[in-house]
Amino acid sequence: MSLHATAANLVTLANEGAEHGGNHESLSPYVTGGGALLALLLLLWITTRFNRDR
């Protein structure tokens, strides 16, 4: 497969996905952000527990 044919296939695939906007109905940005914040706070807490010598 040539580079031109691959690029054309990728453009076609990208255009098909643009119709839906890329967002899933069940994916809430607040839940995603809250989960990421919780995960980062948990990692911060674990890091500070293992670094007690300072």
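Residues numbered from 1 in each chain as written. Predicted model: local features only at pLDDT ≥ 70, side-chain atom pairs only at ≥ 80, totals over all residues. Heavy atoms only, no water.

In the nomenclature of an unreviewed UniProt entry, the chain corresponds to Membrane protein from the organism Streptomyces showdoensis.

J.: How do you make sense of the overall build of the chain when you look at a structure like this?
T.: Of regular secondary structure, the chain possesses 2 helices and 0 strands. Across the 54 residues in the chain, those meeting the buried criterion constitute 0%. Carbon and sulfur atoms form 66% of the exposed surface of the chain, whose accessible area is close to 5400 Å². (Helix = DSSP H or I, 4+ residues; strand = E, 2+ residues; numbered from the N terminus. Buried < 20%, exposed > 50% of the residue type's maximum accessible area, 1.4 Å probe, protein only. Areas by Shrake-Rupley, 256 points an atom, 1.4 Å probe, with all protein chains shown as cover.)

J.: It is not clear to me how the UniProt feature "transmembrane region" (unreviewed entry) in the chain should be interpreted in this structure. Could you clarify?
T.: Mapped onto this structure's residue numbering, the UniProt feature "transmembrane region" (unreviewed entry) falls at residues 27–46. Annotated as residues 27–46, this span is 90% helix and 0% strand, and its ends, taken at the C-alpha atoms, are 28 Å apart. (UniProt positions renumbered as here; feature names shortened; annotations may be inferred.)

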